[in-house]
Amino acid sequence: MIRPVAYAGYLVGGVLVGAPLSVGLLALGAVGAVLTPLLVGLPLLGLLALTGIPVGVVERWRLRQVDAPAATGPATTSSPSPGDPHRTPDRPGLAAWAGLRFAEQATWRELAYAVLLAFVLWPLDLVVLAVVLGIPGAMIGAPVQLALLGGETRIAKLWLVDSYGTAFLCAACGLLLLLVLLWPLTLYGRGRAALARLLLAPREAEQRLAEVTESRARLVAAFEAERRRIERDLHDGAQQRLVALSMTLGLVRLDAPPELAGRLAAAHRDADQVLGELRELIHGIHPQVLADYGLADAIADAADRSAVPVEVAVALPRFSESVESAAYFAVREALANVGRHSGADRAWISAGCGEGDRRGRRLWIEVRDDGRGGAPQPGTRHATGSGLTGLADRLAVLGGTLTVDSPPGGPTVLRLEIPC
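The shown structure was predicted, so the numbers you read here are calculated from the model rather than taken from an experiment.

The rules behind the values
Residues numbered from 1 in each chain as written. Predicted model: local features only at pLDDT ≥ 70, side-chain atom pairs only at ≥ 80, totals over all residues. Heavy atoms only, no water. Helix = DSSP H or I, 4+ residues; strand = E, 2+ residues; numbered from the N terminus. Buried < 20%, exposed > 50% of the residue type's maximum accessible area, 1.4 Å probe, protein only. Contact = heavy atoms within 4.5 Å. Areas by Shrake-Rupley, 256 points an atom, 1.4 Å probe, with all protein chains shown as cover. Phe/Tyr/Trp six-rings, centres within 6.5 Å; stacked < 30°, edge-to-face > 60°. Lys NZ or Arg CZ within 6 Å of the ring centre and 35° of its normal. Patch = residues over 30% accessible without salt bridge, like charges linked within 9 Å, V, L, I, M, F, W, Y side chains within 5 Å. Salt bridge = Lys/Arg side-chain N within 4 Å of Asp/Glu carboxyl O.

## Considering the overall build of the protein chain
Point 1. Helix and strand counts for the protein chain come out as 13 helices and seven strands.
Point 2. When each of the 420 residues of the protein chain is scored for burial, the buried share is 39%.
Point 3. At a minimum sequence separation of 6, the contacts of the protein chain that also span at least 24 residues come to 67%.
Point 4. For the protein chain, the exposed area adds up to about 22,900 Å²; of that, 65% sits on carbon and sulfur atoms.

Below, the structure written as structure tokens:
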């Protein structure tokens, strides 16, 4: 009897949730549609699209109540209660939360379930409850009705009962009918719960994709943190010791005897050369200009260091460290390819941040040269060793893309986009 009672309670809850939900959805939709020309209705329609989220929370809780008896009773073949299918925003704030929710498929499945519950499911639940519980209940209560009304009574508007013998016979038939109908009630309740799980449970593929995306983002953050740690260790450790060594050699040269002056001068030059190479290495690991002044100045600095003259037209705000780092090293790799492979006389860099896809704004950067063209597409067999494949993989971790348009004879245009 535990399962039929649990499913009967589940259906009663469906009626209690669905009936007011239908009124709320109709009212919110009507008011939002009427006020849309005044732009006031747009937030209401956005709120209407998110109504499935609290409904999903309530329905998942109700499914857990249905499944709770099975945990302490005999084994059951019912599916486990669904967990929360939503991901946690990567930054605080209502805008980040709303942006993520509108982009998730789970939000729209919950909205579909809310509409289905409001206009289809709860009336069906009510009909099933009326048939399975209402009619047998009225028959079981026939003696009480006869005692209260006296004389005669009509059970469920169907059968006339005018004596206690008939009333008790009707009650016995009602009890038997109830026991017979409990099995169809359980089957309907299971089907009803299975439909809710189908729409409200997180998809396994989506869960795995979310886990992979989050783990890749954590790896990128850890990689950037380790890169900066190495840069700080080299800057504050080895570089400072080389500076001290160079100064010491310079002071020793002042008082050195003539037979040692040449060797000390050579050692001083070697120390200065190693110091310069170390500074270039530190700059390549994580340039200080990127951390201090942002991506626009870092791109200008990379253009100044390029072997090919570069014209820069970049005006950008600050972005997160991972976005700035990925974009900067993408530009550096592109400029290195221009210098090594393109045979170009000049290159141009332009960048901006504008509207992208449904995930929000996107940073875009274009690197164009007047070289011979013929650059391979990232990810192809011919791109092996060019750095483009690794560059595309790095951008993909952040949800970015890399495209190369390089017909034979040129020009070559490399474009990267990263959600920002």
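Once you've had a look at it, read on.
## Topic: the packing of aromatic side chains
Point 1. According to the stated counting rule, one finds two aromatic pairs in the structure shown.
Point 2. Their ring planes at 40° and their centres at 6.2 Å tell us that Phe102 and Trp108 sit as a pair that is tilted.
Point 3. Phe102 sits in the partly exposed class, given a relative accessible area of 34%.
Point 4. In this structure Trp108 comes out as partly exposed when scored by relative accessible area, which is 41%.
Point 5. Seen from their ring centres, Tyr328 and Phe329 are 5.1 Å apart, and the 75° between their planes marks the pair as edge-to-face. For the pair formed by Tyr328 and Phe329, the shared burial category is buried.
Point 6. A cation over a ring is seen here: Arg368 above Trp348, with NZ or CZ 4.6 Å from the ring centre.

## A closer look at helix α11 (residues 295-304)
Point 1. For α11, the tally of buried residues reaches seven of ten residues, placing the bulk of the element in the interior.
Point 2. Turning to α11, its buried residues are Leu295, Ala296, Ala298, Ile299, Asp301, Ala302 and Ala303.

## Observations regarding a nonpolar patch on the surface
Point 1. Side chains of Leu26, Val115, Phe119, Val120 and Leu124 sit close together on the surface and give an oily, nonpolar patch of about 420 Å² of accessible area.
Point 2. No other element matches helix α5 (residues 105-140), which puts four residues into the nonpolar patch.
Point 3. Topologically, Leu124 is positioned in helix α5.
Point 4. Here Leu124 falls in the partly exposed class, since its relative accessible area comes to 41%.

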